[in-house]
Amino acid sequence: MSSTSPLDRSPYLLAARGERAPHTPVWFMRQAGRALPEYHKVREGITMLESCKRPDLVVEITLQPVRRYGVDAAIFFSDIVTPLQFAGYDIEIKPGVGPVAADPIRDAAGVAAVRPVTAADVPFTTEAIQQLVSDLGGTPLIGFAGAPFTLASYLVEGGPSKDFAKTKAMMHGQPDLWHALADRLAEVAIAFLSVQVEAGASAIQLFDSWAGGLSPRDYERFVLPHSAKVFEALKPYGVPRVHFGVNTGELLGLMSAAGADVVGVDWRVPLDEAVRRVGPKPLQGNLDPALLFAGWDAIEPEIDRILEEGKAAPGHIFNLGHGVPPNADPEVLARVAKYVQTRSAV
């Protein structure tokens, strides 16, 4: 990718590198799927994980929000638990519940069952990304994976959790077992992200969705080393590396220290304050998704505030503070994207 190519000079990649962009780039976490009626139509009768293994569906679903919203980046349609199926685990996504593991990990035998993931396990990922890169042209494609802690929480708890009690108990009561599990899951994330970048993804995002349930002390001791391993392994590819978690205001400095080039911020911390916690790095965020239902008179001033606060960072990528709610109005999201782009235009 040459430094003068349209892709390399796209607003998203410029902002992610901390360079001046013609406008603040915008995309939405969970933009692919959920709120789009065309998504539900093409996925009718097909499970979530099955749809992630069909290149034709992955391509179509990834492109849908780019067409509908005019966003500055596409994000690969998949799920953070997809590679776990190929790492030896019986895991499924139950509608209305989330990822559910059939046999939660409780001992060394469970950890030993987590096997490496290779490109040969996920040929559908390579095929879909290569087609997407061709179709997207000058629009960057973001690859992603789940961070070791968040993946581990599903495998240890057996499914979604509010308090992560079993996971924290393993961390403190069986630290060697915890670190062995987290290390294996770091390798899973590295493998899945490497496949995506080698197929043509322009950036990657590591989702540590539930890290906000940890104290800074626990995060630094039990989580940071494993997330740092992922970021370090991806460094030679030279693509922007983004780190995001929900309710992680107290962890932003540590999440930055893990090695991210860009730090995602949820709606709880103003971006100018986030700069003080993260340091001089580009930021991503951070409109509260709930405001999508508040009417344009409430949304517009919030966008203006976020754009102004984002100027404190070397680069700013506009996003929601979490994923698109499933009942969000696509027309509102399209209006948000257009407003961000025009309002911030240099």
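Residues numbered from 1 in each chain as written. Predicted model: local features only at pLDDT ≥ 70, side-chain atom pairs only at ≥ 80, totals over all residues. Heavy atoms only, no water.

Peer 1: Lay out empty space enclosed by the protein with the relevant residues and their values.
Peer 2: Summed over the entire model, instances satisfying the criterion amount to 1 cavity of 30 Å³ or more. What the largest cavity holds in volume is close to 40 Å³. Lining the largest cavity, in full, are Leu7, Val133, Leu136, Gly137, Thr139, Pro140, Leu141, Gly200 and Ser202. Here the lining of the largest cavity is composed, by residue class, of 5 nonpolar, 4 polar and no charged. (1 Å grid on protein atoms, 1.4 Å probe; cavity = no way out; pocket = protein on both sides within 12 Å on 5 of 7 lines; lining within 4 Å. Points joined across faces, edges and corners; volume = space filled by probe spheres on them. Nonpolar A, V, L, I, M, F, W, Y, C, P; charged D, E, K, R; others polar.)

Peer 1: Break down the sheet that holds strand S1 (residues 74-75) for me, citing the residues and quoting the values.
Peer 2: The strands making up a sheet associate through hydrogen bonds between their backbones, and the pairing can be parallel or antiparallel. Pairing is parallel across the open sheet formed by 7 strands, whose spatial order is S1-S4-S5-S6-S7-S8-S9. Looking along the sheet, the strands with just one partner apiece sit at the ends: S1 and strand S9 (316-317). Across 2 bridges, strand S8 (residues 283-284) lies against S9 in parallel orientation. Bridge pairing links Gln284 to Ile317 in S9. (Pairing = 2+ DSSP bridges. Helix = DSSP H or I, 4+ residues; strand = E, 2+ residues; numbered from the N terminus.)

Peer 1: Give me the UniProt feature "site: Transition state stabilizer" (unreviewed entry) in the protein chain: which residues, what numbers.
Peer 2: Mapped onto this numbering, the UniProt entry gives "site: Transition state stabilizer" (unreviewed entry) at Asp79. Turning to its location among the elements, Asp79 is positioned in the loop between S1 and helix H5 (82-86). According to the relative accessible area criterion, Asp79 is buried, its value standing at 17%. In this structure the side chain of Asp79 is engaged in a polar contact, spanning 3.0 Å, whose partner is the backbone nitrogen of Val81. (UniProt positions renumbered as here; feature names shortened; annotations may be inferred. Buried < 20%, exposed > 50% of the residue type's maximum accessible area, 1.4 Å probe, protein only. Polar contact = N/O pair within 3.5 Å; in protein donor to acceptor, adjacent residues only side chain to side chain.)

Peer 1: Kindly report on the side chain of His243, identifying the contributing residues and their values.
Peer 2: You can see His243 is positioned in strand S6 (residues 241-244). The class of His243 is buried, set by a relative accessible area of 0%. At 3.0 Å, the side chain of His243 forms a polar contact with the backbone oxygen of Met255. Excluding its chain neighbours within four sequence positions, the residues that come into contact with His243 are Leu206, Asp208, Tyr219, Ser227, Phe231, Met255, Ala258, Ala260, Val262, Val263 and Gly264. (Contact = heavy atoms within 4.5 Å.)

Peer 1: Tell me what's going on with the environment of Tyr154, and back it up with residues and numbers.
Peer 2: Structurally, Tyr154 is set in helix H8 (residues 148-157). Counting along the chain gives 49 residues from Tyr154 to Ile105, while the straight-line C-alpha distance between them is 9.3 Å.

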